[in-house]
Amino acid sequence: MRSSTRALTSVVALALTLAFSSAASAASGDEPAEARTVDAAQLRWGMSNEANNRAFAPGTVNHFSAGRVADPGSGGNTLAPGGATWSNGRAAGWSAASGDVSIEKFDGTTYRPATWAGLSTDSSGAALGSPTAGTFSNHQLVFDRGVGTVDVDGRAASIRWTGDATILFYSGMSLFYLSDPHLEVVDGVGTLRATLGGFGSSQADPGAWTPMPSTDVVVADLGAVDLSAEDGFTVTPKYLGVTVDGVDQDHGQYSGSFPQSFVDFHKAAGSAAFWHSSGGAADRFKPALPVTISYDAASPVRPPSPPPTTATPRDQVDNPVRQPPPVRRTPRTRDVVPPTSTPAATAPVAVAPTAVAAPASADVPLAAEAPAFRQVAQPTTITALRSVSRPTDRTAAWWWTGAAFLVLAASSAGATLAHAAARRRRP
C-alpha cells in the first residue's frame, strides 16, 4: 500500500513540475516558434560593379537582361548597344522584365525599371566614363515570388525562385545565363546557388562560341546570416581574401574571388577573369555586391544605395605645379643682391597608360584589362643664381695706369707733329 502511495505521489509531482515548466516557458516567450512559410519572397543582387561597368572594347558595356537573350552566333560580336546591328533594345532581344525576373536601376534615390539607354549611363544619367573611371550603371537583378520557409529559431531557411537572367560582358561578346536561384541557410550560414548556362568564348580565338552545359554552382557565399528580422536581411557575400584554384589569381591589394564552383564554370567558358582578382586595373571593381532578401515583396527590405561613383586616385595623374623653395646663401662682400623674380617650375607631365599585351590565356575572354596609370614624380627646375663680382682696388689701379700711358703717348705725338710743322715753315 505504501509503495503504491509513493508511486502515485511521484507521478503527481512530475506532472505538476512539467505543467509549471510549460507555463513558465510560455510566459517568458521561450516556446520554439514554428518555421515561417513564404510565397512572395524577393531576391535583389547587382553581382559586382564590374558587371555594371563600361567594357574595354569600344562601344560596349557590361550589363544585365531579364530572360534569356537568344544565341547571337559565333563570337557574339553583334551585341554592342548603339552598334550597326543592335540599334535598340528590342532588336537586341534585351528585356527589362521577363516572368518573375526584372532589371532595375538606381536613379540616385530609389530603384526603378531599367531602360535600354540606362545601360550606358550612371545613376545621374551621365555617360559612363572609361572602364577604370569608377562610374557604374548601378543595376540589379530582381527575382520575385520566391517560395520556401524561414526558421528563425533553427537558424535555417530555404527559398527558391524561378526564372532566367542574362549577364552580358562586352555587350554580349561574353554572356551567360543565371537561372532559378536558391537560398540555403544551415546553422546560420548561407549560400546562394543557381544554374548557369550560356556560351564559351576565347580571347585566343575570337571566333570560338561553344554552348555551355547547365551547371549548378554556388554563386555567392553569404557567410553568417541573421534571419531574425521580420522583413528579411541584406548581407555582403565573401570575396576579398577568398582564394581559388585553377586560375591565375593575383594576390595584391584586391585579392579575392567568387566561389570556386562559379569560377570553375567561367574558366571553362573563357571568362573567369571577370570574377576573381587577375592583376588588372579593374580588380577593385570585382568584389561581390550586397544581396538583399525580402520575405515578402509587398514589404521589402530597403536595399543599400550604391555609393557615389567618382574617379579614384589610381585613375588620375596628380602632378601639381609647386614653387621651389627659396635659395638661402650666406652673403659675401663681392656678391650682388639675388634677383627677386621667382624661378619658374616645369609644367605638369601628362602620363599615358602603358600598353600591355593581352595574355594568351583562356581565363580572359577578350581584350586584357587596361593597365593602371603610372604616377610619375613631378620634376622641378630651379634656376641657379650667379654671383657677380665688383671691381677690386687692384683692378682700378691698373685702369688708371693705362689711362696715364695713353695721355703721355698723345702728348708726345702732339709735340713731334708741332716740331715738324715748324721746320717746314722755315725759309
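As the structure is a computational prediction, the values presented were derived from the model and not from experiment.

The rules behind each value
Residues numbered from 1 in each chain as written. Predicted model: local features only at pLDDT ≥ 70, side-chain atom pairs only at ≥ 80, totals over all residues. Heavy atoms only, no water. Helix = DSSP H or I, 4+ residues; strand = E, 2+ residues; numbered from the N terminus. Areas by Shrake-Rupley, 256 points an atom, 1.4 Å probe, with all protein chains shown as cover. Phe/Tyr/Trp six-rings, centres within 6.5 Å; stacked < 30°, edge-to-face > 60°. Buried < 20%, exposed > 50% of the residue type's maximum accessible area, 1.4 Å probe, protein only. Pairing = 2+ DSSP bridges. 1 Å grid on protein atoms, 1.4 Å probe; cavity = no way out; pocket = protein on both sides within 12 Å on 5 of 7 lines; lining within 4 Å. Points joined across faces, edges and corners; volume = space filled by probe spheres on them. Nonpolar A, V, L, I, M, F, W, Y, C, P; charged D, E, K, R; others polar. Contact = heavy atoms within 4.5 Å. Core = buried A, V, L, I, M, F, W, Y, C linked by side-chain atoms within 4.5 Å. pLDDT = per-residue confidence, 0-100. Lys, Arg positive; Asp, Glu negative; His and termini not counted. Salt bridge = Lys/Arg side-chain N within 4 Å of Asp/Glu carboxyl O.

Draft legend 1. Representation of the overall build of the chain within the structure. Assigned secondary structure in the chain consists of 4 helices and 13 strands. Roughly 23500 Å² of accessible area belongs to the chain as shown, and the carbon and sulfur atoms make up 58% of that amount.

Draft legend 2. Representation of the packing of aromatic side chains in the model. Inspection of the entire model under this criterion finds 15 aromatic pairs. Arranged with centres 5.8 Å apart and planes meeting at 65 degrees, the rings of W94 and W116 form a pair that is edge-to-face. With W94 in the loop between helix 2 (89-92) and strand 3 (97-98) and W116 in the loop between strand 5 (111-113) and strand 6 (139-151), this residue pair connects regions lying 22 residues apart in the sequence. Residue class for W94 comes out buried when judged on its relative accessible area of 13%.

Draft legend 3. Structural detail: the pairing of strand 1 (residues 36-45). The pairing of strand 1 with strand 6 spans 7 bridges and is classified as antiparallel. Bridge pairing in strand 6 places L43 opposite F143.

Draft legend 4. Broad picture of empty space enclosed by the protein. Counted under the stated rule, the structure contains 2 cavities of 30 Å³ or more. As for the largest cavity, its lining consists of L43, W45, L141, F143, L178, P181, L192, A194 and V219. Within the residue set of the lining of the largest cavity, elements represented by two or more residues are strand 1, strand 6, strand 9 (174-186) and strand 10 (189-200). Residues belonging to the lining of the largest cavity are distributed by class as follows: 9 nonpolar, no polar and no charged.

Draft legend 5. How the structure looks around the environment of G67. Mapped onto the fold, G67 is located in the loop between strand 2 (63-66) and helix 2. Residue class for G67 comes out buried when judged on its relative accessible area of 6%. Setting aside its immediate chain neighbours within four residues, G67 contacts S98, D164, A165 and T166.

Draft legend 6. Quick peek at the nonpolar core. Grouped together as the largest cluster of nonpolar side chains are 59 residues, with contacts concentrated most on M47 and V219. With 5 residues, the next largest nonpolar core counts L168, L175, Y177 and F199 among its residues.

Draft legend 7. Molecular detail of the confidence of the model for the chain. In this model, the chain carries an average pLDDT of 75, and 60% of its residues clear a pLDDT of 70 or more. Here residues 75-85 is a poorly scored stretch, pLDDT under 50, and it has 30 contacts once near neighbours within four places are set aside; other chains count. Ignoring residues within four places in sequence, the model shows residues 417-427, a span with pLDDT below 50, making 0 contacts including any to other chains.

Draft legend 8. Region of the structure containing the side chain of E50. Mapped onto the fold, E50 is located in the loop between strand 1 and strand 2. Buried charged residue E50 carries no salt bridge. Nearest counter-charge: K286, at 6.4 Å.

Draft legend 9. Quick peek at the environment of V291. Mapping V291 onto the fold places it in strand 13 (residues 291-294). As a C-alpha pair, V291 and L192 span 99 residues in sequence and 9.4 Å in three-dimensional space. Among all residues touching V291, those that are not within four sequence positions of it are L43, R44, W45, L222, F233, T234, V235 and P237.

Draft legend 10. Inspection of the pairing of strand 9 at higher detail. Burial analysis of strand 9 places 10 of its 13 residues in the buried class, the great majority of the element. In terms of strand pairing, strand 7 (residues 156-160) meets strand 9 through 4 bridges, oriented antiparallel. Note on strand 9: the bridge partner recorded for S158 is E184. Pairing between strand 8 (residues 164-169) and strand 9: 6 bridges, direction antiparallel.

Draft legend 11. Up close: the pattern of salt bridges. Applying the stated criterion across every chain, the model contains 7 salt bridges. Its salt-bridge partner being R36, residue E230 comes within 3.8 Å of it at the nearest N-O pair. Residue E230 is located in the loop between strand 11 (210-224) and strand 12 (232-235), and its partner R36 is located in strand 1; the two are separated by 194 residues in the primary sequence. Note that R112 is salt-bridged to D107, the shortest N-O span being 2.5 Å. Using a relative accessible area of 47% as the deciding quantity, one classes R112 as partly exposed.

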